[in-house]
Amino acid sequence: MRGPIYAATFAAVLFGAPVTASNYGNHGHNKPDSQRMASSIIARGQGIMTGLGGSSEALQAGFVQKAFTALSEYYHKSGEPYAQYVRESATSATEFLANASNNALSYPMDRLSNGNAALALSHGKGHDSYRATADALRESIDLNRRNPEGGLWYFVYPYWSYLDGMYSLGPFYSLYTFATTRIGSHSRVKALDDLLYQFETLWEHCHHHSTGLLTHGYDFRKTAVWADPETGASPYVWGRSLGWYTMALVDTLEILEKENAPHKYRKAFLEKFQTLMPAVVKAVDKCTGGWWQVIDQPRREGNYIESSGTAMFAYSLLKGSRLGYLPHKFTPAAKKVAIRAQKYLTKHFVVEEADGTVGYNGTVSVCSLNSTASYDYYIHQPILYNSVLGSAAYILASLEVERLGH
Ligand SMILES: *[C@@H]1O[C@H](CO)[C@@H](O)[C@H](O)[C@H]1NC(C)=O
Ligand SMILES: *[C@@H]1O[C@H](CO)[C@@H](O)[C@H](O)[C@H]1NC(C)=O
Ligand SMILES: *[C@@H]1O[C@H](CO)[C@@H](O)[C@H](O)[C@H]1NC(C)=O
C-alpha cells in the first residue's frame, strides 16, 4: 500500500467521504486478491496480442489465458468476465500464431502457452481459427530447432536451451497429444517420450549440486561466455526461470494424472517435483518469506526479493500440496511457506491505485542468456511495474490460497 492510496485517503479526509469499497469502483476491495488483480489486468488491457509488444508478447497473452482459465474454473458461478477475456486474448493470438514455420522462427518457445486456450476453444463449429492456431503451435514443436541430442533451442540463440520454455511446452504438448492420439499409438509414445526428454535433459545439464536447484539454461556447444566447461550450464539460479520450470512440472503432472498416462511418465515428473520443491523451500528467504532474484546468492549486495518468481513458487507449492504431489510429511511446511509468501507479495508489491485498480510491482524484466549471465547482469535488469509475468503469477498463487479458505 503505497503512494496512490495515501492520496485517495487524504482526499477522503479532506472532503469527508468515507473510505469504503465503493470508493474504489467495482474493482472492489471486498473481492479476493486474485479477482482484484484480474479485474485490474482487464482494465489495463493486458494479455492481448497486438504485434507491438516485443518478443515476450506471446508469453504475456498465453500466461494471462492460463491464469484466467484457472480463475474461471474456480469462480465459474460468480458471473465474472474471465472466460470471456481468455477468448479475447486467444482470438488476438490467432492473428499471429497460426503459421507453424513462422511460430518456430519468430517466437521463443513461450509461444506455446497460447496453445491450451486455442485447443480448448477449438471444439465445435465456427472455431477453425483456434484449431488452426493449436495445430500450428503443435507443428512448430517439430519445426523448432534442436541440438544434436534433441534438446529444443529456446529461441534463435544457437544450441541454447532454457528452463523458461518448459512452462509453455509441457502442458500444451501433453494436452495436445492426449487430444489427438490413441492410447499406446506410436505418435503418442513418441510425443510423451520427447516431452519427458526435454525436462530431463535440462535437469541433467542445469542441476546445481550444492543447492539442489537448476540454473537458467545451458549451451550444448559450451562456447558461450557463461557456459560451464563440463555441462554447458549458465552459472546462476534465476528465480523466474526456475519458477517456470516448477509450474511446468506441477501443471504437466496434473494433465498426465488426469489422462491416466503410463506410469513411467507420471513417476518421472513426480520424482522431479518431489526432489526439487524441498530445495526451493530451503532457498526461501527466512526473513521476508520471499525468494531472491538470484536464488543461489541470498543476501548478496544488490540482490532483492523478486515478485514473479516468488508468486510462481507459492503457486507450485500450493497446487502441488492440493493435488497430493508433495511428500506427505513435507506438505504442511510447504503450505505454510507458500501462504506466507503470498501474504508478503500482497503487502509489499500490490499497489492500490486511485482509480480502484491494483498494480503489481517488483517484477524483473526479461533476463536473457544473450548476455554475460553474470550476477551483475541479473541484478541490474530493470524492475517493472505491472508486468503480467508477475501479476498473472500472483493471480495463480492467490487463487491457491483462496482455495484453502484463507
Ligand atoms: C509462414 O511463415 C513463413 C516464415 O515466416 C513464411 O515464409 C510464409 O510465407 C508464411 N506462410 C503464410 C501462408 O503466410
Ligand atoms: C515500485 O517499487 C520501486 C522500488 O521499491 C519503488 O521505487 C516504486 O515507487 C514502486 N512503484 C509503485 C507504483 O509503488
Ligand atoms: C544478443 O545480444 C547482442 C549484444 O547485446 C545484440 O546485438 C543482439 O541483438 C542480441 N540478439 C537478440 C536476438 O536479441
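This structure is a prediction, so every number in the text was calculated from the model and none was measured. (Residues numbered from 1 in each chain as written. Chains lettered and ligands numbered in written order. Predicted model: local features only at pLDDT ≥ 70, side-chain atom pairs only at ≥ 80, totals over all residues. Heavy atoms only, no water.)

Trainee: Help me out: how do you make sense of the site of ligand 1 in this one?
Mentor: By nearness alone, every residue bordering ligand 1 is listed as Asn99, Ser101 and Asn102. Within the side chain of asparagine 102, one N or O atom sits 3.1 Å away from an oxygen atom of ligand 1. Summarising the interface, the protein chains cover 31% of the accessible area of ligand 1, which totals 370 Å² for the free molecule. (Near = heavy atom within 4 Å. Polar contact = N/O pair within 3.5 Å; in protein donor to acceptor, adjacent residues only side chain to side chain. Areas by Shrake-Rupley, 256 points an atom, 1.4 Å probe, with all protein chains shown as cover.)

Trainee: Looking at this structure, how should I read the nonpolar core?
Mentor: The nonpolar side chains of soluble globular proteins are, as a tendency, buried together. Formed by 129 residues in total, the largest nonpolar core has its most connected members in Phe63, Phe68, Leu242, Tyr245, Trp291 and Leu317. Leaving out residues up to four positions away in the same chain, tryptophan 291 has contacts with Val280, Ala283, Val284, Tyr304, Ile305, Glu306, Thr310, Phe313, Ala314, Leu317, Val337 and Ala341. (Core = buried A, V, L, I, M, F, W, Y, C linked by side-chain atoms within 4.5 Å. Buried < 20%, exposed > 50% of the residue type's maximum accessible area, 1.4 Å probe, protein only. Contact = heavy atoms within 4.5 Å.)

Trainee: Would you take a moment to explain the packing of aromatic side chains for this structure?
Mentor: The description of an aromatic ring pair rests on the distance of the ring centres and on the angle between the ring planes. Evaluation of the coordinates by the stated rule reveals 21 aromatic pairs. Geometrically, the ring pair formed by phenylalanine 155 and tyrosine 157 is edge-to-face, given 6.1 Å between the ring centres and 85° between the ring planes. A network of ring pairs unites the aromatic residues Tyr236, Trp238, Tyr375, Tyr377 and Tyr378 as a single cluster. Positioned above the aromatic ring of tryptophan 203 is the side chain of lysine 272, whose terminal nitrogen or guanidinium carbon lies 5.6 Å from the ring centre. In this structure, arginine 300 packs its charged tip against the face of tyrosine 375, placed 3.8 Å from the ring centre. (Phe/Tyr/Trp six-rings, centres within 6.5 Å; stacked < 30°, edge-to-face > 60°. Lys NZ or Arg CZ within 6 Å of the ring centre and 35° of its normal.)

Trainee: Where do I start with the pattern of salt bridges in this structure?
Mentor: Opposite charge on two side chains permits them to pair, given that their charged atoms come into close proximity. Counted under the stated rule, the structure contains 14 salt bridges. When the shortest N-O distance is used, the salt bridge between aspartate 193 and lysine 264 registers 3.4 Å. Of this pair, aspartate 193 sits in helix α9 (residues 186-206) while lysine 264 sits in helix α11 (residues 263-282), placing them 71 residues apart in sequence. The salt bridge partner of lysine 319 is aspartate 251, with a shortest N-O separation of 2.9 Å. Here lysine 319 is found in helix α12 (residues 307-322), whereas its partner aspartate 251 is found in helix α10 (residues 239-258), with 68 residues between them in sequence. Each member of the pair, lysine 319 as well as aspartate 251, is classed as buried. Through salt bridges with shared partners, a single network forms among Asp251, Glu254, Lys258 and Lys319. (Salt bridge = Lys/Arg side-chain N within 4 Å of Asp/Glu carboxyl O. Helix = DSSP H or I, 4+ residues; strand = E, 2+ residues; numbered from the N terminus.)

Trainee: Please clarify how the site of ligand 3 should be interpreted in this entry.
Mentor: Around ligand 3, the neighbouring residues are Val156, Tyr157 and Asn370. One nitrogen or oxygen atom from the side chain of tyrosine 157 is found 3.4 Å from an oxygen atom belonging to ligand 3. Within the side chain of asparagine 370, a nitrogen or oxygen atom sits 2.3 Å from an oxygen atom of ligand 3.

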